[in-house]
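The chain contents come next:
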Amino acid sequence: MKLKGGYHKRILDIDLKKGKSKSVDTKNAYALKYIGGRGYGARMLWDSLGSIRSPLDESNILVMASGPLTGLYIPSSGKMTFASISPATGIYADSNVGGSFGVELRQTGYDAVVIRGRAREPSYIWIDDDSVQIKSAKKYVGCVSSKVEHDMKKDLGDEKIKVAATGPAGEKLVNFACITTDWGRNAGRTGMGAIMGSKNLKAIALRGSVDLPVHDLDGMIEAGRRAFEYLRGHDLFRFWQQQGLMSVLDYVNNAGVLPTYNFRDGVFDRADSINGETMLLNYKIGDSACFSCPMACGNVCLVKEGKYAGAVIDGPEYETACMFGSNVGVDKFDAIIRANQLCDDMGIDTISTGNIIAVLIDAYEQGIIKKDDIDGMTPRWGDDEAVMKLIEKIAMRDGVGDILAGGSKVILEKWPNLKPLVSQVKGLEQSAYDARAAITMALEYATADVGAHHNRAWPIAKELEMGLDWPLEKKADLVIYHQTVRPLFDMLSVCRLPWIELGLNEEAYVGMYEAVTGTKTTLKELLERSEAVYNITRMINVKLGIRRADDMPPDPVFDRPIRTGPHAGAAVDREKFRKLLDIYYRKRGWDVETGIPLQKTLNRLGLEGIDVKNELG
């Protein structure tokens, strides 16, 4: 099968230690099988896995990859993926980011970049079409992400270049440090910023002028036009532009699954003080959008008065508002904005940071850890000043922040008695959806390849809509479908929100892919390629030690029932979950006892080159 468009068929390979780079050509079969984005990242990591000694060792690689639809006239085509082995979890990891950085990457004439080694001094990579330079970043050391982006554009003499940078947290190797671009767009989860820090890499700057390869331009424009027209005609389109992801907060609170007081409760009685309506009335000053996105879900917010006056961000999104709002007991929207700004500048993930701070407050409130354990601090629910101080301590690895910066795994090594309070899977802190009232969400967190992250699947809305009493077989099907269609969006490198929020049919992307690449396909074929990538990431994790015992939701999901609201008393039954996991494994084609993919499953998906027996010795 021949590709007629969609790819430059070149990958840029950069060795920071040697100070050299080279262009590597890719074949049609590679692009057809792995598509791009997350697919490229997964395959490259699998191919390099044997030489990677540990996540923060120079032997680890960092992949950044766009997809065949990135940068084109179709809705929400500004996405790209960073992928590596995570310092937080020690397993496969990727983090998706929007904005325009991925578009600029494609315009440099490469489909992906793989970064190896460690620079001898603080450095940044400057890719200007075919020119690739590794330049000194000494002047940017210690700078917050926004300043790096601003100053680098000035120093390179072009405001239109795109910059992805780490803040101080990346330099300090905080295990959940992120990569920031476009003033607040973050590759936020799994510690990609720490990977850059471990490589002495402060930033990556891009300027491209290469045309994007499209086979059928008229067909692509028509497919895009139909999709734009559908989205603009949707009843919720205008509402979505007004509130973006902040609209989720009221929905989740009313549904009784809003993480509150470190996941103790599912309802926050002061949610109306931190919701989208409060944002609109008092803080929002503008919209922002990723490349070619009509939904414009970004909210530019400014604090106009009070102790946080002047704080301004592109945000917050729902996850941040929850983790620095209800989950720590804070009912001040201005404090959420300031916490978001601090995390963006310092370069740390808001979900992991807010989750961990809530654990610390919970443990202190219960007397499990003492004031002397946490630098004399006395954090309480609703104490926004303590939250700000802890953010800074984590980012700078100051005092107790040095422990917290290691993430859940390090925290539990230091304080194993906190296990009943910690909501994490495989070392990644849980996202802001309570799983106790929805066993599908518990299954999603447990089996997600990167850990407890909602972007792998978001089945909770469907389960609550259907009611809780429907067959486990159907629930497993729902999770598997989400875990298959969502990676496809990341492989094509488009945002999933037009699909999940406004119902744009998956078939629309088939037409876009066909027009761009000149390759006939079906949704079933594309989903099989996505399933193959999920099995690659599973095999990476299996090779790194992951087994069935690791595919479990956090202890609180089983042991700490919701206290109030429509699901008061709800918790997941352990035996029922085990039965569901059995069903999930069988449907996946994985061994029920171990969770390892069966060889016949890998063969069916065209992964015959991955031999389970040989790989596991």
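Refer to the structure printed above.
Residues numbered from 1 in each chain as written. Predicted model: local features only at pLDDT ≥ 70, side-chain atom pairs only at ≥ 80, totals over all residues. Heavy atoms only, no water.

Caption draft 1: Layout of the overall build of the protein. Assigned secondary structure in the protein consists of 26 helices and 17 strands. Taken over the C-alpha trace, the protein has a radius of gyration of 23 Å; the compact-globule value for 617 residues is 25 Å, and the two agree within 12%. Reported as C-alpha extents along the three principal axes, the dimensions of the protein are approximately 60 × 55 × 55 Å. By residue count, 65% of the 617 residues in the protein fall in the buried class. Sequence-distant contacts, at least 24 apart, represent 69% of the contacts inside the protein between residues at least 6 apart. Accessible surface computed for the protein: about 21,300 Å², of which carbon and sulfur atoms make up 48%. Counting 79 positive and 82 negative side-chain charges, the protein places the centres of these two groups 4 Å from one another. (Helix = DSSP H or I, 4+ residues; strand = E, 2+ residues; numbered from the N terminus. Rg over C-alpha atoms; globule rule 2.2 N^0.38 Å. Buried < 20%, exposed > 50% of the residue type's maximum accessible area, 1.4 Å probe, protein only. Contact = heavy atoms within 4.5 Å. Areas by Shrake-Rupley, 256 points an atom, 1.4 Å probe, with all protein chains shown as cover. Lys, Arg positive; Asp, Glu negative; His and termini not counted. Charge placed at Lys NZ, Arg CZ, Asp CG, Glu CD.)

Caption draft 2: Inspection of the environment of Ala 194 at higher detail. Summarising the element assignment, Ala 194 is placed in helix H6 (residues 192-198). A C-alpha to C-alpha distance of 9.3 Å links Ala 194 and Ala 88, two positions 106 residues apart in sequence.

Caption draft 3: Region of the structure containing the sheet that holds strand E13 (residues 284-288). Reading across from one edge, E13-E14-E15 is the order of the three strands in this open sheet, with antiparallel pairing throughout. Two strands in the sheet have a free side with no partner beyond their single neighbour: E13 and strand E15 (312-314). Across the sheet, the axes of successive neighbouring strands diverge by a mean angle of 15°, strand direction being ignored. As judged from the three bridges shared by strand E14 (residues 298-302) and E15, these two strands associate in the antiparallel manner. By the bridge assignment for E15, Val 300 is matched with Asp 314. (Pairing = 2+ DSSP bridges. Axes fitted to C-alpha atoms, helices over the stretch in contact; angles between N-to-C directions.)

Caption draft 4: Broad picture of the sheet that holds strand E5 (residues 92-97). Sheet architecture is open: six strands sit in the order E2-E1-E6-E3-E4-E5, paired in mixed fashion. Looking at strand neighbours, the two that pair on one side only are strand E2 (20-25) and E5, the edges of this open sheet. Averaged over neighbouring strand pairs, the angle between their axes works out to 20° when direction is ignored. Examined bridge by bridge, strand E1 (residues 10-15) and E2 share six bridges and lie antiparallel to one another.

Caption draft 5: Spatial organisation of the packing of helix H17 (residues 439-447) against helix H19 (residues 472-492). Relative orientation of the contacting elements H17 and H19 amounts to 45°, with a least axis distance of 10 Å. Taken together, the axes of H17 and H19 are oblique relative to one another. In this structure, the crossing between H17 and H19 has a hand that is right-handed. Side by side, H17 and H19 meet where Ile 439, Thr 440, Leu 443, Glu 444 and Thr 447 of the first sit next to Lys 475, Ala 476, Leu 478, Val 479 and Gln 483 of the second. (Parallel < 35°, antiparallel > 145°, perpendicular 65-115°, else oblique. Left-handed = near helix turned anticlockwise from the far one by under 90°.)

Caption draft 6: Broad picture of the layout of surface pockets. Put simply, the largest pocket is a space of about 440 Å³. Contributing to the lining of the largest pocket are 17 residues, with Trp 458, Ala 461, Lys 462, Glu 465 and Ile 500 lying nearest its centre. Among the residues forming the lining of the largest pocket, the class breakdown is 12 nonpolar, two polar and three charged. Mapping the lining of the largest pocket onto the domain boundaries places at least three of its residues in each of domain 2 (235-429) and domain 3 (439-502 + 522-616). The space that makes up the second largest pocket amounts to roughly 280 Å³. Together, 18 residues line the second largest pocket, and Gln 424, Val 425, Lys 426, Gly 427 and Asp 550 are the ones closest to its centre. Secondary-structure elements contributing two or more residues to the lining of the second largest pocket are helix H16 (408-414) and strand E16 (424-425). Residues that form the lining of the second largest pocket fall into these classes: 10 nonpolar, three polar and five charged. (1 Å grid on protein atoms, 1.4 Å probe; cavity = no way out; pocket = protein on both sides within 12 Å on 5 of 7 lines; lining within 4 Å. Points joined across faces, edges and corners; volume = space filled by probe spheres on them. Nonpolar A, V, L, I, M, F, W, Y, C, P; charged D, E, K, R; others polar. Domains from an automatic or database assignment.)

Caption draft 7: Main features of a nonpolar patch on the surface. A grouping of Tyr 73, Leu 217 and Ile 221 is seen on the molecular surface, where their side chains present a nonpolar patch of about 280 Å² in accessible area. Secondary-structure assignment places Ile 221 in helix H7 (residues 217-232). (Patch = residues over 30% accessible without salt bridge, like charges linked within 9 Å, V, L, I, M, F, W, Y side chains within 5 Å. Salt bridge = Lys/Arg side-chain N within 4 Å of Asp/Glu carboxyl O.)

Caption draft 8: How the structure looks around empty space enclosed by the protein. In this structure the tally under the stated criterion is four cavities of 30 Å³ or more. Considered as a void within the structure, the second largest cavity measures approximately 50 Å³ in volume. The wall of the second largest cavity is formed by Phe 263, Ser 423, Gln 430, Asp 434, Arg 436, Pro 556 and Val 557. Among the residues forming the lining of the second largest cavity, the class breakdown is three nonpolar, two polar and two charged.

Caption draft 9: Region of the structure containing the side chain of Asp 13. By secondary structure assignment, the location of Asp 13 is in strand E1. A polar contact is formed between the side chain of Asp 13 and the side chain of Arg 116, at a distance of 2.9 Å. Beyond its immediate stretch of four places on either side in the chain, Asp 13 contacts Lys 20, Ser 21, Lys 22, Val 24, Val 114 and Arg 116. (Polar contact = N/O pair within 3.5 Å; in protein donor to acceptor, adjacent residues only side chain to side chain.)

Caption draft 10: Region of interest: the pairing of strand E12 (residues 201-207). Among the seven residues of E12, six are classified as buried, and the element is accordingly described as predominantly covered. Note: strand E7 (residues 123-128) against E12, six bridges, orientation parallel. Within the sheet, the bridge partner assigned to Ile 127 lies in E12 and is Leu 206.

Caption draft 11: Highlighting the side chain of Asp 129. Assignment of secondary structure puts Asp 129 in the loop between E7 and strand E8 (131-136). Despite its burial, Asp 129 pairs with no opposite charge; the closest candidate is Arg 207, at 6.8 Å N-O.

Caption draft 12: Local environment of the environment of Gly 276. Looking at where Gly 276 falls in the secondary structure, it is placed in helix H10 (residues 276-282). Separated by 28 residues in sequence, Gly 276 and Val 248 place their C-alpha atoms 8.3 Å apart. Look past the residues within four positions of Gly 276 in its chain and what remains in contact with it is Gln 243 and Met 246.

Caption draft 13: A look at the packing of H19 against helix H22 (residues 523-543). Here H19 crosses H22 at 95°, and the two axes come no closer than 8 Å. Taken together, H19 and H22 sit at an angle that is classed as roughly perpendicular. Contact with H19, carried on its side by Tyr 481, Gln 483, Thr 484, Val 485, Pro 487, Leu 488 and Met 491, involves Leu 523, Leu 526, Leu 527, Arg 529, Ser 530, Glu 531, Val 533 and Tyr 534 of H22 and no other residues of that element. Per-class residue counts for the contact of H19 with H22 are 10 nonpolar, three polar and two charged.

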